[in-house]
Amino acid sequence: ILVTALALILGYGTAYLASEDIRYLTRAGIEQTLILEKRRPLDRLVADSSLPAETRAYLGLVLEVRAYAAEIGLDAGNTYKTYSDIGRDTLLLVLSASPKNCICPHTWKYPIVGRIPYKGYFDIGMAKREADKLTARGFDISLRPAAAYSTLGWFEDPLLSTAMVKDSVELASLVFHEIAHNSLYIKSATPFNESFAQLVGYRAAEEFFRGRGDSVLMVRARDRWHDEIVLGEFYDRLLNRLEAFYATRPQGDSLEAGRVAIGHWSRTELEGPLGERFRTIRVGRLAERPINNAALVGVRIYRTHLDWFDRWYDRNGRSVKSGVARLKELMNAAPGDSAFGRLERALADSTRGGGG
């Protein structure tokens, strides 16, 4: 047994040195273990008078949101019953990549969840090295910080210190969003999963604050969801324009000149009538971003057919509880590439049938 164990240790050590994937998985496992070890029950923290009153109020809000999520049939499980202070400002960096002449996300394959068009890194140096490799291959790359993630109920996900935004609507929507992933998740269907969770996040927050009699926060949640839909429309138009341009197979200087021209067009759109439709978002720096296919892939993941999800919400009594329950039935055993098609057909059928 000792010889076998020693051989396994030596074999792992060799693989660790030779394989970036094994180093990545090892770091992810270590970080997840540390996060779980630092968990403290939220109810005890809320009752801890040594903490600032504001902090206790936000933690208490998380518990209330969790309770409401369970009440409306979401699979809250043990998600966000505890809190972990990770001791730094950035939880992890998320890497996305796409060729400069195509909206074609580079994907990574994982067990259980399937192919995903991004990769999260706890090791900043490893993230930058991978980004440099993809840049050398001619890809647009995007590295952005993430404050939270879901293990889809495999672990008892704690609320992380990086996710503790001091905005009641955003905090509530984050909790609903992550719990939504426990409730419905379709393998290899990232845009569907994230856009669905966006709907649940803001519409459930709207219902939650309405139930508390807080009309100000209810309206803010509703307006944030409205702005997400407007952004989705903008990105649809931008990506359609880019795809039409890339279909002409531009190269070299013509590729770059075309991307710059479309960047100017997008700035005009945001600073014009479309931007005036926003209720909570300030255009500002959003209009200054250059064309980056990888960044567009990233932002679009969370805003794919949001109007379809909102129509589904309308057809199901404007109720998150009813909408999620019926969507779970609709998506039973759905392959990832069929999810949006099923939703589209169901919406068309309900229109022909006179309602949902």
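This paragraph deals with the nonpolar core. Judged by nonpolar contacts, the single largest core of 59 residues is most densely connected at Phe 176, Phe 192, Val 200, Phe 209, Leu 327, Met 331 and Leu 343. Those elements giving two or more residues to this core turn out to be α3 (42-46), α4 (53-71), α6 (168-183), α7 (190-211), α8 (215-246), α12 (306-315), α13 (320-330) and α14 (339-352). The dominant element in this core, judged by the number of residues it contributes, is α7, at 10 residues. Discounting chain neighbours no more than four positions away, the residues touching Phe 209 are Leu 61, Ser 168, Val 169, Ala 172, Asp 214, Leu 217 and Met 218. Among the nonpolar cores identified, the runner-up in size contains 34 residues, and Leu 92, Ala 146, Leu 270 and Val 297 belong to it.

On the basis of which strands lie adjacent, the open sheet formed by three strands has the order β6-β3-β7 and antiparallel pairing. Each edge of the open sheet is held by one strand with a lone partner, namely β6 (119-121) and β7 (139-146). Taken pair by pair, the neighbouring strands of this sheet meet at an average axis angle of 30°, ignoring direction. In the packing of helix α5 (residues 124-136) onto the sheet, contacts are made with β3 (92-99), β6 and β7, and the angle to β7 comes to roughly 160°. The strands touched by helix α11 (residues 293-301) within the sheet are β3 and β7, with β3 carrying the most contacts at an inclination of about 120°.

Time to look at the layout of surface pockets. Its volume calculated, the second largest pocket comes out at about 350 Å³. What lines the second largest pocket is a set of 19 residues, among which Ile 103, Pro 105, Pro 191, Arg 300 and Thr 304 lie closest to the centre. Going through the elements one at a time, α7, α8 and α11 are the ones with two or more residues in the lining of the second largest pocket. Taken together, the residues that form the lining of the second largest pocket break down as nine nonpolar, six polar and four charged.

Summarising burial for β3: seven of the eight residues are buried, a large majority. The pairing of β3 with β7 spans eight bridges and is antiparallel. Residue pairing in the sheet places Val 94 in a bridge with Arg 144 of β7. Bridge count for β3 against β6 is three bridges, and the pairing is antiparallel. Note that in β6 the partner of Leu 95 across the bridge is Lys 119.

Under the defined criterion, the tally for this structure stands at three cavities of 30 Å³ or more. Put simply, the largest cavity is a space of about 50 Å³. Contributing to the lining of the largest cavity are Gln 32, Ile 35, Tyr 80, Tyr 149, Asp 157, Pro 158 and Leu 160. Considered class by class, the residues forming the lining of the largest cavity number five nonpolar, one polar and one charged. In terms of lining residues, the second largest cavity is bounded by Phe 196, Leu 199, Val 200, Trp 312, Tyr 313, Ser 319, Val 320, Gly 323, Val 324 and Leu 327. Where the lining of the second largest cavity is concerned, the elements lending two or more residues are α7, α12 and α13. A total of four residues in the lining of the second largest cavity trace back to one element, the largest contributor, which is α13. The residue inventory of the lining of the second largest cavity, partitioned by class, reads eight nonpolar, two polar and no charged.

Now for the environment of Ala 47. Topologically, Ala 47 is positioned in the loop between α3 and α4. A C-alpha to C-alpha distance of 9.2 Å links Ala 47 and Gly 60, two positions 13 residues apart in sequence.

Turning our eyes to something else, we now look at α12. Residues of α12 that are buried: Leu 306, Trp 308, Phe 309, Asp 310, Trp 312 and Tyr 313. One or two positions beyond α12, positive phi appears at Gly 317, with a value near 70°.

Evaluated as defined, the whole model comprises one disulfide. Here Cys 102 is linked by a disulfide to Cys 104, with a sulfur-sulfur distance of 1.6 Å. With a relative accessible area of 32%, Cys 104 lands in the partly exposed category.

The next thing to look at is the sheet that holds strand β8 (residues 159-160). Here three strands make up an open sheet; going across it, the order is β1-β2-β8 and the pairing mixed. Taken across any chain shown, the strands that pair with only one partner, and hence form the sheet edges, are β1 (40-41) and β8. Examined bridge by bridge, strand β2 (residues 82-84) and β8 share two bridges and lie parallel to one another. Counterpart to Tyr 83 in the pairing with β8 is Leu 159.

The rules behind each value
- Residues numbered from 1 in each chain as written.
- Predicted model: local features only at pLDDT ≥ 70, side-chain atom pairs only at ≥ 80, totals over all residues.
- Heavy atoms only, no water.
- Core = buried A, V, L, I, M, F, W, Y, C linked by side-chain atoms within 4.5 Å.
- Buried < 20%, exposed > 50% of the residue type's maximum accessible area, 1.4 Å probe, protein only.
- Helix = DSSP H or I, 4+ residues; strand = E, 2+ residues; numbered from the N terminus.
- Contact = heavy atoms within 4.5 Å.
- Pairing = 2+ DSSP bridges.
- Axes fitted to C-alpha atoms, helices over the stretch in contact; angles between N-to-C directions.
- 1 Å grid on protein atoms, 1.4 Å probe; cavity = no way out; pocket = protein on both sides within 12 Å on 5 of 7 lines; lining within 4 Å.
- Points joined across faces, edges and corners; volume = space filled by probe spheres on them.
- Nonpolar A, V, L, I, M, F, W, Y, C, P; charged D, E, K, R; others polar.
- Disulfide = S-S within 2.5 Å.

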